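Observations on the three-dimensional arrangement
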Amino acid sequence: MKDNVSNLISAALESMSCDDMLGDAPLPTPQIEHTKDERHGDLASNIAMVLAKAAKKAPRDIAAIIIERLPENTVIERCEIAGPGFINFFLSQSTNLAVIEDALTQGATFGTNNDGGGKPVQVEFVSANPTGPLHVGHGRGAAIGDSLCRLLEASGWQVQREFYYNDAGQQINNLAASVKARLDDKTPDADDWPADGYQGEYIIDVANAFREGATVVAADRTVQASANIRVLDEIKDFAVAWLRREQDEDLKAFGVDFDRYFLESSLYDSDEVEHVVDVLKQHGQTYEKDGALWLRTTEHGDDKDRVMIKREGGYTYFVSDVAYHKNKWDRGFTRVINEQGADHHSTITRVRAGLQGLQSGIPEGWPEYVLHQMVTVMRDGSEVKLSKRAGSYLTLRDLIDWVGQDATRFFLSARAATSQLTFDIDLALSKSNENPVYYIQYAHARICSVMDKAKIEMPNWDVSDGLHNLEQLTEQEELRLALTLSKYSEVVRSATQKLEPHLIANYLKELAADFHSFYNAHKMMDDDRTLATARLALAGASQIVIANGLTLLGVSAPRAM
RNA sequence: GCGCCCAUAGCACAACUGGAUAGUGCACGUGCCUUCUAAGCAUGAGGUUCCAGGUUCGAGUCCUGGUGGGCGCGCCA
């Protein structure tokens with residue numbers, strides 16, 4: 001719809017340009033926007049004001065000429081010049097209602113596009129360390145990351161979802177030591193409890209299972225506990241597998257599936273970490289100081305150089321991160337998006353610096369990052385502190401069990417990632433009818449209910465019957481709903497380009513509000529059956545758009561509530 | 001001290017990346033169920049968009065400097 005009008009304006013501009021009315025500047029692409037106030041028409045353009053300088057004419061005069069030179073068409077009913085020089089477009093009724101047929105015929109694919117052209121994109125998200133259950137912050141990453149993937153898929157990208165496991169390094173040693181301590185019947189208040197040990201109750205569960213010789217099936221491996229409490233490596237393998245299984249189950253309960261789990265340890269096994277260091281050395285990106293090997297990250301925008309190999313040997317964590325991203329690049333992913341918590345933002349410069357130092361043709365801005373700000377959890381009017389080491393904290397699983405998968409996913413992805421998020425447990429629990437997710441789902445359920453009634457009262461009725469009667473839709477609530485429906489495709493495209501899934505949530509709230517207004521103002525099963533079929537077609541289109549939008553957020557569209 | 005993010009109605013958030021009279025939900029006031037789901041609708045009140053400058057036809061949006069909050073600044077990950 002926007003494109004149609006944009007093309008018409010461009011044609012008018014070309015005609016003006018031929019008559020040398022617009023100066024030498026190149027013709028701009030007309031900016032078209034939806035109006036906030038319906039008195040301003042359906043669409044508006046600021047093009048006349050943009051051209052004012054180059055054309056050396058008053059914006060309103062330019063606007064008049066543009067309108068005069070618009071090609072013949074059936075899209076625009078009339079135009080007005082308004083304010084400082086806006087051109088307001090009032091579209092024909094058939095143009096505004098065309099979205100109904102589009103939605104009904106395209107169904108689940110309505111709103112999708114092929115901007116991605118089938119190109120591959122890899123999205124890494126969650127990537128929690130296997131040292132404890134997933135908490136609410138991971139949940140936010142999971143909700144945003146998975147919705148990003150769904151958006152990219154809806155825009156024609158071929159998406160791979162990947163989870164990176166830090167199964168090497170000090171935190172894993174702490175985990176093994178913690179389980180070992182529990183096997184030795186120590187408690188966190190003991191004098192010889194491991195420093196930086198994990199104190200949570202779940203460590204006891206791991207220890208008990210290990211002692212009983214349990215078998216754990218995780219995403220890519222099966223580990224049988226040896227029950228030999230003296231062998232730390234076996235405890236480590238078992239504990240990692242145990243916690244990975246826990247995390248996988250929580251993510252499944254959240255509706256999030258990964259295509260690939262990538263293990264940090266595999267980068268050491270394959271010598272990829274070592275190789276990265278060698279290449280950086282060859283390119284003169286490193287130097288030795290204080291017995292350690294440093295990378296010149298300051299040459300790529302960092303505020304200080306970073307150690308790669310510690311004085312007492314061993315790589316620092318970011319070296320394996322660089323190797324991991326080199327691996328992604330070598331797998332052919334020219335586009336990679338990392339969704340992670342903002343508390344890790346300092347790694348961005350470091351990883352990119354390491355990749356640039358490899359001089360292997362990786363673009364400077366690669367990979368892309370989506371950072372989400374912290375989630376604070378309120379319960380009983382005070383903040384619940386999240387600390388893995390301290391033990392008691394609110395897990396993602398707790399949240400799903402309490403408020404449900406739909407509400408949890410919606411809340412965690414409905415806000416801009418750049419904003420901090422307060423998750424109020426009491427509100428989510430005690431007043432669940434205030435949740436916007438119910439408001440949206442209710443609209444969907446209402447439509448389904450009316451559809452069922454229509455089938456009973458009109459035995460041969462099909463939802464597409466009304467497409468022949470759309471001219472019956474003239475009420476304000478009907479037209480506004482249709483207009484909102486017609487914005488959906490643009491919202492999907494915009495949310496994908498900006499990597500902001502919360503725009504979908506905002507849109508769905510608006511759409512649901514327009515539907516509820518329509519529903520209350522007019523009876524769909526009108527005695528005039530011609531009008532009824534037209535309204536049912538409008539409702540059917542709304543049903544499809546609500547369902548498609550909720551799917552992008554990983555939220556269900558129930559047929560009844 | 002330095003870097004990144006944020007600041008909009010009492011509360012929680014929008015505002016299509018520079019457009020017209022800044023919107024929505026909750027809470028508050030008043031109405032609407034013998035009619036398709038009242039988890040809904042209608043209507044009213046509520047604002048110096050943190051402050052001070054700047055850029056231009058036009059600024060919640062961009063620039064500079066402040067103020068307040070979050071996160072980071074390790075040879076931890």
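Our structure is the block above this text.
Residues numbered from 1 in each chain as written. Chains lettered and ligands numbered in written order. Predicted model: local features only at pLDDT ≥ 70, side-chain atom pairs only at ≥ 80, totals over all residues. Heavy atoms only, no water.

A few words on the packing of aromatic side chains. Taken as a whole, this structure holds 19 aromatic pairs when the rule is applied. Their ring planes at 35° and their centres at 6.2 Å tell us that Tyr164 and Phe262 sit as a pair that is tilted. With Tyr164 in strand β6 (residues 158-165) and Phe262 in strand β9 (residues 260-263), this pair connects stretches of sequence that are 98 residues apart. An identical accessibility class is assigned to Tyr164 and Phe262; each is buried. Ring centres 6.0 Å apart and planes at 40° place the aromatic pair Tyr268 and Tyr315 in the tilted group. With a gap of 47 residues between them, Tyr268 in helix α9 (residues 264-269) and Tyr315 in the loop between β12 (306-309) and α11 (317-330) connect regions that are remote in the sequence. Accessibility expressed as a relative area gives 28% for Tyr268, which makes it partly exposed. (Phe/Tyr/Trp six-rings, centres within 6.5 Å; stacked < 30°, edge-to-face > 60°. Helix = DSSP H or I, 4+ residues; strand = E, 2+ residues; numbered from the N terminus. Buried < 20%, exposed > 50% of the residue type's maximum accessible area, 1.4 Å probe, protein only.)

On to the sheet that holds strand β11 (residues 292-295), then. Here we have 3 strands laid out as an open sheet, ordered β10-β11-β12, and antiparallel in their pairing. The outermost strands of the open sheet, each flanked by one partner alone, are β10 (286-289) and β12. Pairwise comparison of adjacent strand axes, ignoring direction, gives a mean angle of 45° for this sheet. Sheet topology places β10 next to β11; 4 bridges connect them, and they run antiparallel. Bridge pairing links Glu288 to Leu293 in β11. (Pairing = 2+ DSSP bridges. Axes fitted to C-alpha atoms, helices over the stretch in contact; angles between N-to-C directions.)

Taken in spatial order, the 5 strands make up an open sheet running β9-β6-β5-β13-β14, and their pairing is parallel. Among the strands making up the open sheet, the edge pair consists of β9 and β14 (368-372). If you compare each strand with its neighbour and ignore which way they point, the axes differ by 25° on average. In terms of strand pairing, strand β5 (residues 120-124) meets strand β13 (residues 336-341) through 3 bridges, oriented parallel. What sits directly across from Glu124, in β13, is Asn338. Across the sheet, helix α8 (residues 232-253) is in contact with β6 and β9; its angle to β6 comes to roughly 145°. (Contact = heavy atoms within 4.5 Å.)

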